[in-house]
Protein chains: 2
Amino acid sequence: MKPPPLIGDIEGAHARIRPHIHRTPLMTSRSLDRETGASLVFKCENLQKTGSFKARGATNAVLALPADTTAVATHSSGNHAAAVAHAAALRGLPAHVVMPETAPAAKKAAVETYGGTITCCPPTLAAREEAAARVVAETGAALIPPFDDPQVVAGQGTAAIELIADAPHPLDMILVPVGGGGLLAGTLLAASAHAPRAAVIGVEPEAADDAARGFRSRTLQPQVVPVATIADGVTTAMSPMTFEVMCWLARDIVTVSETAIIAAMRRIWERLKIIVEPSCALPLAAILERKVDVAGLRVGIILTGGNVDLDRLPWSR
Amino acid sequence: MKPPPLIGDIEGAHARIRPHIHRTPLMTSRSLDRETGASLVFKCENLQKTGSFKARGATNAVLALPADTTAVATHSSGNHAAAVAHAAALRGLPAHVVMPETAPAAKKAAVETYGGTITCCPPTLAAREEAAARVVAETGAALIPPFDDPQVVAGQGTAAIELIADAPHPLDMILVPVGGGGLLAGTLLAASAHAPRAAVIGVEPEAADDAARGFRSRTLQPQVVPVATIADGVTTAMSPMTFEVMCWLARDIVTVSETAIIAAMRRIWERLKIIVEPSCALPLAAILERKVDVAGLRVGIILTGGNVDLDRLPWSR
C-alpha cells in the first residue's frame, strides 16, 4: 500500500497548484435549503479548469515530479485524462494518455485540446494497464495514476481545504461522491485537520457500491462489473490506500438509487443554474432519498465536475 | 414618453437593492477567448435571485414605492413576473400577476413560490393589459411595468454598474440582448457615465428585429407578430422611452439567426458550465456570426437569465 498524504502534503499541494487552478466559488440555494431543512454549501468544481476537480490532483502530481522528467502518462476514460494533459502543458511536458477505444469523442477532444497524445486500447482495465506500461517503457514518461497516488490524493484534498475556509459558517457535515476514493481520501484527511467536527460521508450509486460494502466489511471489495450507473465518474473500485483512509476516517458510506441521482442532478441544474455531471448529484441524492439526516445541519457538498454530453441528458432518454 | 432615469437614479437603485440581490459573478473562458480573438467577460445574471436580471428592476421599483402602498401588480409571461412576486415579498406586499393562460407551468410555479397571486387571461397583449387594469382598479395595487418605467430601467442598469466595476480591465465593448429595451437602456445610461469609452451594442434575433429597424429608421417600430424565435425573453417591442435612450446612446443594433442563437447557447453551456436561457446567447451569437468585430477587444456580455425548460432543449428538438 502506498502511504497516504499528511495534512502538510495537502497544504503544500494547495500552495503549489494555487496559481494554476481556479478557487472555485461556493453556491447556496434558499429553495434547496427549504426543501432539505439544512444549510447546503456547494463547492463548484464543475467550474474548475478542465471541468472537474481532477485538475487539482493531476496538477499537484505533475508539478511535484522531478526536474528531469521528460514526459507524463496516464490511462483514463474520463476527467483525469484531460486533467493530466492540462497539467503536463503547464510544465511544457508531452502527455501520453491511454484511452479505451470506446471513450466518448468529447473526452478525446478535451485531451487533444490540451495537447495530449492519445493511445487507444481495448476497453478493459487489463488492456489499459498494459498499454500504459508499454507507453511508459517506450517514452520514459512518469505515470500519474487517477487516484492511487499520495500527490494526487493531496491535490484532491485542496478542494475541501477551500470549501472549509470559504464556507460562511463551520460545517457539520461534508458529503462527497466515492469512485476510486481519491477525492474522499483527500477530503477526509483535509477535514480531520481543518474541520474535525465535520462528519465526512461518502456517497456512491447502489449499482457501484464497492466502497459501502468495503466500509461495512472492513475488507477492500472489487467492483461488480459491468457497472450499470449513470454516474460514470464513480465506477472504479478503490485502492488499498484510499480504502484505508476511508475505513479510519469516514463517518459513513451510503448508497443511492439511479432515480435519485437523476432527480438530484436535475434539481441542481434547475436551482443552481449550473451544469453538473451525474456523479455530482450523489450527495444531494442521498439527502433527497433520506440516506443521510441533515435536518438543521450545515452541510458542505463537493460538486465534482461538469463534463456531460448535452445530447444525451438522463431525463430525456 | 416617460423620462429615462439619470445616472444618479441608477446608483441610487444600486444602493437600494444591493442587500436584496446577488452581486453575480463574472466568468471568463480561455477557450472562448481563443475562439473569438477577444477577451470576453460574462456577467452571470442567470445566477441572480429569481434566475434573471429582472430581479434588479422589479426590486428597485417595488422598494421605491410610497410607504402606503398596499399591493403591487404586473402582467408578464416571463421572468419579470417572478421578479415582481419576489420583490413584493421583500416588502410583505401581495403581488397580483396577470399571466396568459398559455404561460409555461414552470413560470406560473415560480410566481407562486414567491407568494404571488396569478390571474389568468387570454394570450393577447390587449387582454393582458385589460386584465392588469382591472386588477389594479379592484385592488389598488401599484403597477410595475416590465420595462417602460424609470425605476425599472434604473434597476436593470445596476448589472452594468457591477460588470464595469468588477471587470479585470476597462471594457471596449458591452453587448446586451434587446427585447423591450429595459436592460439595454439601463446599460447605455450606466456605461455612458461609468465606461464612456465602451461601445454598447444591442443584439436581437432576426425574427424579432424591431429595435434594429427602429435604430436605422429612427422611428419606433412595432414587433411583427407572431414572433418566431427561440429567444422568448426578447419578443416584446420597445417603449418610447427605451427607444429614445437607444437612439441617443447605442453604438449599433445587430441581428442574429436562430441557428447562431442555438449554437451560442450550447457553447456557453459547454464552456462556462452554466445554464443560460436562449436570450442570453444573443451577444455570443453576434460574435460567432461576425455581426460585430471584437478582434483584440475586451468585451463585457450580460447573461440575462437561466430559466429554461430542461425537457425541451433546442438542440434536441
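Residues numbered from 1 in each chain as written. Chains lettered and ligands numbered in written order. Predicted model: local features only at pLDDT ≥ 70, side-chain atom pairs only at ≥ 80, totals over all residues.

Let's shift gears to the relation of the copies chain B and chain A. With an RMSD of 0.0 Å, chain B superimposes on chain A once it is rotated by 180° and translated 0.0 Å along the axis. What we have between these two chains is a two-fold relation. Proximity to the rotation axis, assessed at the C-alpha, singles out B:Ile274 in chain B; its C-alpha lies 2.0 Å from the axis. In this assembly, 100% of the residues forming the interface of chain B have copies in chain A that are likewise at the interface, indicating an isologous arrangement. (Least-squares fit on C-alpha atoms with pLDDT ≥ 70 in both. Contact = placed C-beta atoms within 7 Å.)

Residues and elements named next belong to chain B. Spatially, the 4 strands line up as an open sheet ordered E5-E4-E3-E6, and their pairing is parallel. Every other strand in the sheet has two partners, leaving strand E5 (117-121) and strand E6 (142-143) as the edge strands with one partner each. Relative to strand E4 (residues 95-100), strand E3 (residues 72-75) is paired through 4 bridges, and the arrangement is parallel. In the strand pairing of E4, Thr74 is matched with Val97. (Pairing = 2+ DSSP bridges. Helix = DSSP H or I, 4+ residues; strand = E, 2+ residues; numbered from the N terminus.)

Below, the discussion takes up the domain arrangement of chain A. All names here are of chain A. As assigned here, chain A comprises domain 1 (7-52 + 149-316) and domain 2 (71-140). Relative to domain 2, the C-alpha centre of domain 1 lies at a distance of 24 Å. On the domain 2 side, the residues contacting the 10 residues of domain 1 number 8 residues. Considered class by class, the residues forming the side of domain 1 that touches domain 2 number no nonpolar, 7 polar and 3 charged. (Domains from an automatic or database assignment. Nonpolar A, V, L, I, M, F, W, Y, C, P; charged D, E, K, R; others polar.)

Now for the pairing of strand E2 (residues 39-44) of chain B. Residue and element names in this part refer to chain B. Of all the 6 residues making up E2, 6 are buried; the element is thus mostly covered by neighbouring parts of the structure. Both faces of E2 are covered, namely the face carrying Ser39, Val41 and Lys43 and the face carrying Leu40, Phe42 and Cys44. As paired elements, strand E1 (residues 26-27) and E2 share 2 bridges and run antiparallel to each other. Residue pairing for E2: Leu26 is matched across the bridge by Lys43. (Buried ≥ 20, exposed ≤ 12 C-beta atoms within 10 Å, placed from the backbone.)

Moving on to the pairing of strand E9 (residues 252-256) of chain B. Residues and elements named next belong to chain B. Extensive coverage of E9 is indicated by the burial of 4 of its 5 residues. With 5 bridges joining them, strand E8 (residues 199-205) and E9 adopt parallel strand pairing. The residue of E9 that forms the bridge with Val203 is Val254.

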